[in-house]
Amino acid sequence: MADARPTLLTLDEVLQRVLAVAQDRLIAETEKVDTFDALGRVLARPVRSALDVPPADNTSMDGYAMRAADVPAAGQVLAVSQRIPAGVVGQPLQPGTAARIFTGAQVPAGADAVVMQELCEALPGEGLGQVRVGTVLVAGQWIRRRGEDVQHDAEVLLPGARMTPQALGLAASVGASRLTVRRRPRVALFSTGDELVMPGESLKPGAIYNSNRFTLRGLLQAAGCEVQDLGIVPDRLDATRDALQRAAVGNDLILTSGGVSVGEEDHLKPAVKAEGWLEDWQVLMKPGKPLAFGAVRRGDGETEALFMGLPGNPVSSFVTFLLLVAPVLRALQGCAQAVPPAVQVRADFDLPRPDKRREFLRARFNAAGGVELFPNQSSGVLTSAVWADGLVDNPGQQVIARGDTVRLLLLSSLIGA
Ligand code: AMP
Ligand code: MG
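This is a predicted model, so every value here is computed, not measured.

**Topic: the pattern of salt bridges**
Opposite charge on two side chains permits pairing when their charged atoms draw close.
Working step 1: Throughout the structure, instances matching the rule amount to 24 salt bridges.
Working step 2: Put simply, arginine 17 and glutamate 279 hold a salt bridge, and the shortest N to O gap is 2.4 Å. Taken together, the positions of arginine 17 in helix H1 (residues 11–24) and glutamate 279 in strand S19 (residues 276–279) put the pair 262 residues apart, joining distant regions of the chain.
Working step 3: The partner of aspartate 70 in a salt bridge is arginine 67, and the shortest N-O contact between them spans 3.9 Å.
Working step 4: Look at the salt bridges and you will find they share partners, linking Asp12, Arg358, Asp393 and Arg407 into a network.

Following this line, the structure appears as structure tokens:
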């Protein structure tokens, strides 16, 4: 069966195509989860604040609350009329006096400034004693205003927001104990390749350890997915078709590594064609040219699971996951931003012989604030992906000279959120 040559598409064309399909399959099911357990989830409903944060003016310092008008000059002495720890609401401030106050405590009515204790001197006296104010006052100083963080009724988090640790904190700060999020994407994962064995098994001649299973499973978990791991599937058409059928049940996406080139041992593409549909293109990118996209019909004959087949080379599967699968997973979950932005950085390296294709080079920041390349950019060298802070995104045929500005995709923004 001689197939026509696949169409060559740019990464942007492929991204547009796969995102359009994924957006059509936005996961409709939502669930309510405790904010406490919502790390990494994507909001389906906004978080609205029913209060001002902070709820009242409060002091940002340990010190003394007073009226600015009562302190015309530095050195003024005032009687201390009350003591207000955090969590206690004081009395209205008597004119001409100061209130001893501690960080986070509400500023008493009548006071319009706080002076930090380091600028005051406590003096003995009746009752709570006196304080000498060693500074001139500016009304409002060291006071955190009611509502300066969040105002009543504000939507502090919008649908599509990923619940980062700081987003969890913000939701909690407005009192949200439960959140409405989208169901996690369900992804089936398997590796192809008769040469693969698992760490812990003996490495017979010709075998290699299955690293992609670990990298891809970790990437899926970091992206908030439920992973069904189907292990290693033999390089045979019947076994591959069988694995696809099993993987389609109950999953939104089937992700595989290896077996998508044009070799006789590469059975994934024919298997997907037999079990569903497959788009016949290749991506003009390095690493990662062989990549398959399609869908596998479920047993019911009516619904299907998306299919993405990544190349077997460990760096190729890592990079293609970050650039194509991660955006699809974000789109399935309704994330506000499917593709994270790049940053502009200074190249502290030369690339005199760029590839014809758009290249993603493993790069790392140096102490001088520029980026350097890992010396071996081969798609089998996984060390480069661990060493790197990011991928230099170089358009095809673009020579890079030391000092040039280049685009860098940070691994920290590509992985997960
Ligand atoms: P393939 O895409 O199946 O032709 O594989 C390309 C290269 O990647 C070959 O050298 C494979 O041995 C290697 N490879 C494929 N799958 C994996 C895997 N799961 N872990 C590590 N290397 C792999
Ligand atoms: Mg193979």
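Read on, since the account is not over.
**Some details on the nonpolar core**
Working step 1: By size, the foremost hydrophobic cluster in this structure holds 47 residues, and its most contacted members are Val18, Leu255, Met308, Phe321, Leu324 and Leu329.
Working step 2: Of all the secondary structure elements, the ones that give two or more residues to this core are H1, strand S14 (186–192), helix H3 (212–222), strand S18 (253–257), strand S20 (281–283), strand S23 (304–310), helix H6 (314–332) and helix H8 (411–414).
Working step 3: When residues in this core are grouped by element, the largest group, 13 residues, is from H6.
Working step 4: Two domains each donate at least three residues to this core, and these are domain 1 (7–29 + 184–332) and domain 4 (343–414).
Working step 5: Once you skip the residues sitting within four places of it in the chain, leucine 255 turns out to touch Val187, Ala188, Leu189, Phe190, Leu216, Leu220, Met308, Leu310, Phe321 and Val325.
Working step 6: Of all hydrophobic cores here, the second largest spans 19 residues; its members include Leu230, Val233, Leu244 and Leu278.

**Digging into the pairing of strand S9 (residues 120–123)**
The side chains of a regular strand alternate between both faces of the sheet.
Working step 1: Relative to strand S10 (residues 130–133), S9 runs antiparallel, the two being bridged by 4 bridges. Directly across from glutamate 121, in S10, lies its bridge partner arginine 132.
Working step 2: From the end of S9 to the start of S10, which pair antiparallel, there are 6 residues, and glycine 127 there has a positive phi angle of about 60°.

**Points about the site of ligand 1**
Working step 1: Surrounding ligand 1, one finds 15 residues, the nearest of these being Glu195, Asn210, Ser211, Gly259 and Gly312.
Working step 2: Glutamate 195 is positioned with one of its side-chain polar atoms (N or O) 2.6 Å from an oxygen atom of ligand 1.
Working step 3: Burial of ligand 1 by the protein chains amounts to 77% of its free accessible area of 490 Å².
Working step 4: Considered class by class, the residues forming the shell around ligand 1 number 4 nonpolar, 10 polar and 1 charged.

**A look at unusual backbone geometry**
Working note: non-glycine residues mostly have negative phi, and peptide bonds are mostly trans.
Working step 1: The omega angle of the peptide bond from valine 53 to proline 54 is -5°, so this bond is cis rather than trans.
Working step 2: Looking at the element boundaries, proline 54 is found in the loop between strand S3 (47–48) and strand S4 (58–59).
Working step 3: The peptide bond linking lysine 286 to proline 287 adopts the cis configuration, its omega dihedral lying at 0°.
Working step 4: For tryptophan 142, which is not a glycine, the phi torsion comes out positive at approximately 60°.
Working step 5: Mapped onto the elements of the fold, tryptophan 142 is located in the loop between S10 and strand S11 (143–144).
Working step 6: At aspartate 153, a residue that is not glycine, the phi angle is positive and equals roughly 80°.
Working step 7: Relative to the elements of secondary structure, aspartate 153 occurs in the loop between S11 and strand S12 (155–157).

**Description of the domain arrangement of the protein**
Working step 1: What the domain assignment reports for the protein is domain 1 (7–29 + 184–332), domain 2 (36–50 + 155–182), domain 3 (58–144) and domain 4 (343–414).
Working step 2: Each of domain 2 and domain 4 has a C-alpha centre, and the two are 35 Å apart.

**Looking at H1**
Working step 1: Taking 1.5 Å of rise per residue, 14 residues should cover 20 Å, and H1 covers 20 Å from first to last C-alpha, within 8% of that figure.
Working step 2: Along H1, the positions that sit buried rather than exposed are Leu11, Val14, Leu15, Val18, Leu19, Val21 and Ala22. With its buried residues spanning 160° around the axis, H1 presents them on a single face. Turned more than 90 degrees away from the buried face of H1, the exposed residues are Gln16 and Asp24.

**Focus: the packing of helix H4 (residues 237–248) against helix H5 (residues 268–275)**
Axis angle and axis distance: for two packed helices, these are the angle between their axes and the distance between the axes, and together they describe the pair.
Working step 1: Two elements in contact, H4 and H5, have axes separated by 9 Å at closest approach and are oriented at 50°. Classified by the angle their axes make, H4 and H5 are oblique. Here the hand of the crossing between H4 and H5 comes out right-handed. On H5, the residues touching Leu237, Thr240, Arg241, Leu244 and Gln245 of H4 are Leu268, Pro270, Ala271, Val272, Ala274 and Glu275.
Working step 2: Residues that form the contact of H4 with H5 fall into these classes: 7 nonpolar, 2 polar and 2 charged.

Reading guide: rules and limits
- Residues numbered from 1 in each chain as written.
- Chains lettered and ligands numbered in written order.
- Predicted model: local features only at pLDDT ≥ 70, side-chain atom pairs only at ≥ 80, totals over all residues.
- Heavy atoms only, no water.
- Salt bridge = Lys/Arg side-chain N within 4 Å of Asp/Glu carboxyl O.
- Helix = DSSP H or I, 4+ residues; strand = E, 2+ residues; numbered from the N terminus.
- Core = buried A, V, L, I, M, F, W, Y, C linked by side-chain atoms within 4.5 Å.
- Buried < 20%, exposed > 50% of the residue type's maximum accessible area, 1.4 Å probe, protein only.
- Domains from an automatic or database assignment.
- Contact = heavy atoms within 4.5 Å.
- Pairing = 2+ DSSP bridges.
- Near = heavy atom within 4 Å.
- Polar contact = N/O pair within 3.5 Å; in protein donor to acceptor, adjacent residues only side chain to side chain.
- Areas by Shrake-Rupley, 256 points an atom, 1.4 Å probe, with all protein chains shown as cover.
- Nonpolar A, V, L, I, M, F, W, Y, C, P; charged D, E, K, R; others polar.
- Expected span 1.5 Å × (residues − 1).
- Arc of directions from axis to C-beta.
- Axes fitted to C-alpha atoms, helices over the stretch in contact; angles between N-to-C directions.
- Parallel < 35°, antiparallel > 145°, perpendicular 65-115°, else oblique.
- Left-handed = near helix turned anticlockwise from the far one by under 90°.

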